[in-house]
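The primary structure of each chain is shown beneath.
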Amino acid sequence: MNYQTLHIIESSNSLTLTLHRPDERNSINMRLLTELHHVLDIAENNSHYRSVILQGENGVFCTGMDFHELLNDIPDSTYENFANSYMSLLKRFTQTSKIIISLLDGQVLAGGVGLAAASDLILSTQRTQLSLTEALWGLLPACVMPFLIRRIGFQKAYYMTLTMDTMNAETAHKIGLIDEVTDNLQDNLRLLLLRFNRISQQTVGDLKSYFRKMWIITDAMESTAVNELCRLATNKNVRTNIKNYIEHQQFPWETYP
Amino acid sequence: MNYQTLHIIESSNSLTLTLHRPDERNSINMRLLTELHHVLDIAENNSHYRSVILQGENGVFCTGMDFHELLNDIPDSTYENFANSYMSLLKRFTQTSKIIISLLDGQVLAGGVGLAAASDLILSTQRTQLSLTEALWGLLPACVMPFLIRRIGFQKAYYMTLTMDTMNAETAHKIGLIDEVTDNLQDNLRLLLLRFNRISQQTVGDLKSYFRKMWIITDAMESTAVNELCRLATNKNVRTNIKNYIEHQQFPWETYP
Amino acid sequence: MNYQTLHIIESSNSLTLTLHRPDERNSINMRLLTELHHVLDIAENNSHYRSVILQGENGVFCTGMDFHELLNDIPDSTYENFANSYMSLLKRFTQTSKIIISLLDGQVLAGGVGLAAASDLILSTQRTQLSLTEALWGLLPACVMPFLIRRIGFQKAYYMTLTMDTMNAETAHKIGLIDEVTDNLQDNLRLLLLRFNRISQQTVGDLKSYFRKMWIITDAMESTAVNELCRLATNKNVRTNIKNYIEHQQFPWETYP
């Protein structure tokens, strides 16, 4: 595959993926999802890869769904494909026998929070800022929620969605959204990967499969999430809100009662 | 409606409700529930109200179910009405497109913890003290539990119920029972309300409806809660325990083996 | 019963059980489970016992399943009995009208974490160290999980299982795995027991039965846990891993790709 949205570095037993859409602030488009799925396929077909590392660049991890692509005049089925592909990616993170680690260093918005939340582990520098900004536009972080609630509980996930507050690394660590805050991501990562050499891939797979049975996420809940994202992403008001912002820097709330 | 248990202040886009039963330490009787439902009706029928603020007065937010009313010689169906009305009020807090904010400043007991826990957000001063004292009398905070567990997780809710410990604001904030602790409730509230102007009422409603599907509270669980509250509130031993306390300041445990 | 694995001290209204398998570092064998069930039977048949205290000795609370017994050449049904007995013990902790309190002072490994997690309350000294080491051998803390997730949420339980990290008392307290850290277990315990005199046994039983309906643990989930433990404990690779360690101090990961 000719990767357009990812830089991939291969080490002895891991693949490091750098999200690389600098002109779109690492937002998520269909191409990025396809490439991420493709790399996971490769990892799963090669037993010498034990882990997959996900990171951004230049102070941006990921800023969520690509609004320009969203506004293109495309059939509704395309959004369904997008939502399904995003959701199935998060689900794969939580089911694959590879260990998924997100490295945060800077901005993490909306759907970007989902990529991190569905990872097995999240390491972060001090300068990370996370927020769920979907509600500004009349959207919801629908597919993010099952995995964010799993990670930080109902109320914190609800609070982030409703208040759209920006959370810094220290607070995110305190509530369990980030597992480790460090000044040196690579050093911490190296220690972690060494430790993970002690667990077999079979056991990682067993473990993820087992934990799925110990929690409330079901296929039905995931479908609900996909449907809600499609419903809102194709909603005329939501699309107008986003269009007015992109084209005229006008925020929707300027028209609220 | 001629409000007897609430003081209501109307501002441009919110309603502030002050629980006002000074002689009964802001305990919850049927009248208070009816009035709270009535104000919610008004708010929901007027799109210029975006939020409903709930507070107590004189260092008492709410002390839970009115024991004097409970002891009146009334038919069991009255308790059913009470339990249903209380539960449906908490449920409405979590489903209405209005943002519900509780301001705590002092004592929050038993059912009062439920009013707060079911709110979207809880602001509090330093002097707040929360406790679940139901088990003292052989009661349980049955209707409070779904919403308290949603907010602080199973074990913390269980711990509060079993130990009947009094929790101060700092600890409550640490475990997520209180969202913000402040010396100046009104300043923090003002900032919060300003921020909420950026989210449409439609989206608040969508958000609450969606989050219900992402968590374990169901209609069946709510019925279980109502039934348990009725079962215990009409139990002869429980009623004797409460009667002896109110009439003779005698605590039930003085008779335990 | 002639207790071989427990020392039992009887006080006015509680039974204190000291796990006593010094040569096996307080690991859990079938005999220990049988004796623990037997003591619970006694407590439940005597209304003057209000609580059951569980502790270790010499810096070891409990180190999980007895690997020597596991490696004995016994029929698969024996593992089923073991897994069922362990799971039903944890379940009893969460359903009995007696208050179960674990006192931690030192090492708490694997299945030992389950005994503590299923208790109503956990007090601990500063020197306690907890870890879930099962994954090292290709096992999972299958029966521990329902109760550990209930106590500390999904992600923390998942993190402990995947990283096999050792957690100290301070961190365990911060995330809610330990309820109270103290320099003097006996003093804190005494205060706690005094306070519990104010709650009737009937209410403790009501409370536990009610909380079960407010959370996600079901009989089906417990069966899933038992089956997974049996599946892994009888797995040939897992048994070889453990055998090589016990007989040759060889760790399984030395052979991983």
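## Some thoughts on the overall build of chain A
- Counting its regular elements, chain A contains 11 helices and 10 strands.
- Computed over its C-alpha atoms, the radius of gyration of chain A comes to 18 Å, within 12% of the 18 Å expected for a compact globule of 257 residues.
- Along the first, second and third principal axes, the C-alpha set of chain A runs to 60 × 35 × 35 Å.
- A burial count over chain A gives 61% of its 257 residues as buried.
- When the accessible area of chain A is evaluated, it comes to approximately 9,900 Å², of which 47% is carbon and sulfur surface.
- For chain A, the centre of its 22 positive side-chain charges and the centre of its 27 negative side-chain charges are spaced 6 Å apart.

## Here we look at the relation of the copies chain C and chain A
- In the superposition of chain C on chain A (RMSD 0.0 Å, axial shift 0.0 Å), the rotation amounts to 120°. One copy is carried onto the other by what is essentially a three-fold rotation axis.
- The overlap is low: 6% of the interface residues of chain C also sit at the interface in chain A, so different surfaces are used on the two sides.

## Some details on the interface of chain C and chain A
- Facing the 32 residues of chain C at the interface are 26 residues of chain A.
- In total, chain C and chain A occlude about 2,800 Å² of area from one another, counting both sides; carbon and sulfur atoms represent 69% of this.
- The interface formed by chain C and chain A includes two salt bridges.
- Across the pair aspartate 206 of chain A and arginine 231 of chain C runs a salt bridge, and its minimum N-O distance is 3.5 Å.
- Taken together, chain C and chain A are joined by four residue pairs in polar contact (both at pLDDT 80 or more).
- With nine residues, helix α6 (residues 154-163) of chain C is the largest single contributor of residues to the side of chain C that touches chain A.
- Residue composition of the side of chain C that touches chain A, by class: 23 nonpolar, five polar and four charged.

## Some points on the interface of chain A and chain B
- Each partner contributes residues to the interface: chain A has 32 residues there, and chain B has 26 residues.
- Interface area for chain A against chain B, summed over the two sides, is near 2,800 Å², with a carbon-plus-sulfur share of 69%.
- Our count for the contact surface shared by chain A and chain B stands at two salt bridges.
- When the shortest N-O distance is used, the salt bridge between aspartate 165 of chain A and arginine 195 of chain B registers 2.5 Å.

## Let's talk about the sheet that holds strand β10 (residues 180-181) of chain A
Residues and elements named next belong to chain A.
- Pairing is mixed in the open sheet, where six strands are placed in the order β1-β2-β3-β5-β7-β10. A strand with exactly one partner marks an edge of an open sheet, and here the two such strands are β1 (6-10) and β10.
- Inspection of the sheet shows β1 paired to strand β2 (residues 14-19) by five bridges, in the antiparallel sense. Paired with isoleucine 8 across the strands is leucine 17, a residue of β2.
- Running at roughly 170° to strand β5 (residues 99-104), helix α8 (residues 185-196) makes contact with β2, β3 (51-55), β5, β7 (121-124) and β10 of the sheet.

## Comments concerning the pattern of salt bridges
Residue and element names in this part refer to chain B.
- Applying the stated rule across the entire model yields 50 salt bridges over all chains.
- Measuring nitrogen to oxygen at the nearest pair gives 3.0 Å for the salt bridge that ties arginine 21 to aspartate 66. Of this pair, arginine 21 sits in the loop between β2 (14-19) and α1 (30-44) while aspartate 66 sits in the loop between β4 (60-62) and α2 (67-71), and the two are 45 residues apart along the sequence. Residue arginine 21 shares its accessibility class with aspartate 66, and that shared class is buried.

## A look at the pairing of β3 of chain A
Residues and elements named next belong to chain A.
- Within β3, five of the five residues are buried, which leaves the element mostly enclosed by the surrounding structure.
- Every second residue of β3 is oriented toward a common face, with Ser51, Ile53 and Gln55 on one face and Val52 and Leu54 on the other, all of them buried.
- Two elements, β2 and β3, share five bridges in a ladder whose sense is parallel. Its bridge partner being in β3, threonine 16 is matched across the sheet by isoleucine 53.
- As a crossover connection, the stretch from β2 through helix α1 (residues 30-44) into β3 is right-handed.
- The pairing of β3 with β5 spans five bridges and is parallel. Pairing of leucine 54 across the sheet is with serine 102, part of β5.

## Notes on the packing of aromatic side chains
- Evaluated as defined, the whole model comprises 30 aromatic pairs over all chains.
- With a centroid separation of 5.1 Å and 80° between ring planes, the pair formed by tyrosine 158 of chain B and phenylalanine 211 of chain C is classed as edge-to-face. Here phenylalanine 211 of chain C lies in helix α9 (residues 201-213) and tyrosine 158 of chain B lies in helix α6 (residues 154-163), a pairing that spans two chains.
- Note on tyrosine 158 of chain B: relative accessible area 3%, which makes it buried.
- Among the residues examined, phenylalanine 211 of chain C registers a relative accessible area of 2% and is labelled buried.
- Taken together, the ring pairs connect Phe154, Tyr158, Phe211 and Trp215 of chain A, Phe154, Tyr158, Phe211 and Trp215 of chain B together with Phe154, Tyr158, Phe211 and Trp215 of chain C into an aromatic cluster.
- Its end group placed over the ring of tyrosine 158 of chain A, arginine 150 of chain B keeps NZ or CZ at 6.0 Å from the ring centre.

## Points about helix α3 (residues 76-93) of chain A
- A rise of 1.5 Å per residue sets the reference length of α3 of chain A, with its 18 residues, at 26 Å; its end C-alpha atoms lie 26 Å apart and thus fit the reference within 8%.
- Along α3 of chain A, the positions that sit buried rather than exposed are Tyr79, Phe82, Ala83, Ser85, Tyr86, Met87, Leu89, Leu90, Lys91, Arg92 and Phe93 of chain A.

## Let's talk about the sheet that holds strand β9 (residues 167-168) of chain B
All names here are of chain B.
- Reading across from one edge, β4-β6-β8-β9 is the order of the four strands in this open sheet, with mixed pairing throughout. Edge positions in the open sheet fall to β4 and β9, since each of these has one partner strand only.
- Here strand β8 (residues 129-131) pairs with β9 via two bridges, running antiparallel. Bridge pairing in β9 places glutamine 129 opposite asparagine 168.

## Some words on the state of the cysteines
- In the structure shown here, the tally under the stated rule is zero disulfides over all chains.
- Here cysteine 230 of chain B stays unpaired: no disulfide links it, and the sulfur of cysteine 143 of chain B, its closest cysteine neighbor, is 7.8 Å away.

## A few points about helix α5 (residues 145-152) of chain C
Residue and element names in this part refer to chain C.
- In terms of burial, α5 is a largely internal element, eight of the eight residues being buried.
- Of the residues making up α5, those classed as buried are Met145, Pro146, Phe147, Leu148, Ile149, Arg150, Arg151 and Ile152.
- Remark: glycine 153 follows α5 within two positions and exhibits a positive phi of approximately 85°.

Rules of the game
Residues numbered from 1 in each chain as written. Chains lettered and ligands numbered in written order. Predicted model: local features only at pLDDT ≥ 70, side-chain atom pairs only at ≥ 80, totals over all residues. Heavy atoms only, no water. Helix = DSSP H or I, 4+ residues; strand = E, 2+ residues; numbered from the N terminus. Rg over C-alpha atoms; globule rule 2.2 N^0.38 Å. Buried < 20%, exposed > 50% of the residue type's maximum accessible area, 1.4 Å probe, protein only. Areas by Shrake-Rupley, 256 points an atom, 1.4 Å probe, with all protein chains shown as cover. Lys, Arg positive; Asp, Glu negative; His and termini not counted. Charge placed at Lys NZ, Arg CZ, Asp CG, Glu CD. Least-squares fit on C-alpha atoms with pLDDT ≥ 70 in both. Contact = heavy atoms within 4.5 Å. Buried area = accessible area lost by both parts, 1.4 Å probe. Salt bridge = Lys/Arg side-chain N within 4 Å of Asp/Glu carboxyl O. Polar contact = N/O pair within 3.5 Å; in protein donor to acceptor, adjacent residues only side chain to side chain. Nonpolar A, V, L, I, M, F, W, Y, C, P; charged D, E, K, R; others polar. Pairing = 2+ DSSP bridges. Axes fitted to C-alpha atoms, helices over the stretch in contact; angles between N-to-C directions. Right-handed = clockwise from strand over helix to strand, strands pointing away. Phe/Tyr/Trp six-rings, centres within 6.5 Å; stacked < 30°, edge-to-face > 60°. Lys NZ or Arg CZ within 6 Å of the ring centre and 35° of its normal. Expected span 1.5 Å × (residues − 1). Disulfide = S-S within 2.5 Å.

Fair warning: the whole summary comes from geometry, so function is off the table for now.
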